[in-house]
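Chain residues, written in single-letter form:
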Amino acid sequence: MQSKLAIVGLGTVGKGLIELLYEKSNFLSEKYHFNPTVVAISDPRVGSLYNESGLDLKRILSLLDRDGNIKDYPDAISGWDSLKTIKESNADTIIELTPTNLETGEPGLPFIRTALKAGKDVVTTNKGPIALAYRELQELANENNCMLRFEGTVIAGTPALNLALSPLAGINITEVRGIVNGTTNYILTRMESGMSYEEALKEAQLKGYAEAIPDADVKGWDAVAKIIIIANVLMGGNVTVKDVEREGIDSITLKEVEEAAKENKHWKLIGRATKLDREIKTRVSPEKLDEDDPLSQVAGATNAICFTTDILGDVTIIGPGAGKRETGFAILSDLLDINRLKEFCSG
Ligand code: HSE
């Protein structure tokens, strides 16, 4: 199927997506009959381009490598802002990748609303809008007969949301427990071998795992956003930021981490959503896990989620939770899902 994409917000993840679309173009066409064209990119820093027939991805990638922006691209209208791109381009799918803000959802939230109201499908990796307004946005998508996908908001391309929504459909998930933040897991793992908290945080920042303001990671806010999304999307919850009990890893001492490791136990920042009679209880806090806990062996920036279910017992998924191509893949997987559904509907 043809699909016309507009990328709103072009940072690391957007570049990862463009690389995958370019490298896998033949494979996607042959195996999945998926023939996407990127018709627009809009980013206040990197530049904005629109060509209704499609942009040359190879050229975009070389410009990004050479200049860090796309301002010298020929053969396109330039300068459209994100709202104009969403409303006036011929894109049928908006890939919303602006920076996350867990307090307001800005700037992505109004972009997603505008796109859905215009009947355009939306794929996003932006945690803010989904954590704050999942229900409203999903209703907008339903009313306007379009799709909203956001696999990349929770542990990047490792399939967590889509796994629970699709292959695990029909099952009752009673609890979700997970290591859903790579930065804190990386810091705790490094501290086990004697590195100080400050040094380990610096290393996580250098490796590109940490959020722009690392408090979002170490104080647990990033994990809070992911647990809200899990609780509301997979467990029917109505959880908001203030409902989540939160404690970060910044109070854990090197001595505590080293002593636990000597007993083969491991401190982990655990996000938890538990189904009770009438509500979903949610918490993000450091927990000292025993050796035989499947989450205990998950080291470094790797993430893991354990779903406790009525039929299969515990199902645990382990994989990358951040990264350019890892998160770019989450978008590709959502796009393929949309493509599959559209192909099915068109008979
Ligand atoms: N800062 C996040 C993490 C990035 O460390 O997991 C992915 O959401």
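Conventions adopted
- Residues numbered from 1 in each chain as written.
- Predicted model: local features only at pLDDT ≥ 70, side-chain atom pairs only at ≥ 80, totals over all residues.
- Heavy atoms only, no water.
- Pairing = 2+ DSSP bridges.
- Helix = DSSP H or I, 4+ residues; strand = E, 2+ residues; numbered from the N terminus.
- Contact = heavy atoms within 4.5 Å.
- Axes fitted to C-alpha atoms, helices over the stretch in contact; angles between N-to-C directions.
- Near = heavy atom within 4 Å.
- Polar contact = N/O pair within 3.5 Å; in protein donor to acceptor, adjacent residues only side chain to side chain.
- Areas by Shrake-Rupley, 256 points an atom, 1.4 Å probe, with all protein chains shown as cover.
- Nonpolar A, V, L, I, M, F, W, Y, C, P; charged D, E, K, R; others polar.
- Parallel < 35°, antiparallel > 145°, perpendicular 65-115°, else oblique.

Caption draft 1: A look at the sheet that holds strand β2 (residues 35–43). The mixed open sheet is built from 7 strands, whose spatial order is β4-β3-β2-β1-β5-β6-β7. Whereas interior strands pair on both sides, the edge strands pair on one side only; in this sheet they are β4 (77–78) and β7 (148–149). Bridging between strand β1 (residues 2–8) and β2 involves 7 bridges; their strand directions are parallel. From the neighbouring strand, Val8 faces β2, where its bridge partner is Ser42. Strands in contact with helix α13 (residues 324–345) are β1, β5 (93–96), β6 (121–124) and β7; relative to β6, the strand with the most contacts, it is inclined by about 155°.

Caption draft 2: Fine view of the site of the ligand. Within the structure, the ligand sits among Lys127, Asn181, Gly182, Thr183, Tyr209, Ala210, Glu211, Asp217, Asp222, Lys226, Gly321 and Ala322. At 2.8 Å, a backbone N or O of Gly182 approaches an oxygen atom of the ligand. One nitrogen or oxygen atom from the main chain of Tyr209 is found 2.8 Å from a nitrogen atom belonging to the ligand. When the free accessible area of the ligand is taken as 260 Å², the share hidden by the protein chains comes to 89%. For the shell around the ligand, the secondary structure elements donating two or more residues are α8 (182–192) and α11 (221–234). When the residues that make up the shell around the ligand are grouped by side-chain class, the tally is 3 nonpolar, 4 polar and 5 charged.

Caption draft 3: The sheet that holds strand β9 (residues 245–246), seen in detail. Taken together, the 6 strands give an open sheet; going across it, the order is β9-β11-β10-β8-β12-β13, and neighbouring strands pair in mixed fashion. Of all strands in the sheet, those with a lone pairing partner are β9 and β13 (313–320), marking the two edges. Two elements, strand β8 (residues 173–179) and strand β12 (residues 302–309), share 6 bridges in a ladder whose sense is antiparallel. Bridging from a neighbouring strand, Val176 pairs with Phe307 of β12. Across the sheet, α8 lies against β8, β10 (266–275) and β12, angled at about 145° from β10, the strand it touches most. The strands touched by α11 are β8, β9, β10, β11 (280–289) and β12; relative to β11, the strand with the most contacts, the crossing angle is about 135°.

Caption draft 4: The arrangement of the packing of α8 against helix α12 (residues 254–262) in detail. Between α8 and α12, the shortest axis-to-axis distance is 8 Å and the interhelical angle comes to 70°. The pairing of α8 with α12 is recorded here as roughly perpendicular in orientation. Within the contact between the two elements, α8 uses Leu188, Met191 and Glu192 and α12 uses Leu254, Val257, Glu258 and Ala261. In terms of residue class, the contact of α8 with α12 is made up of 5 nonpolar, no polar and 2 charged.

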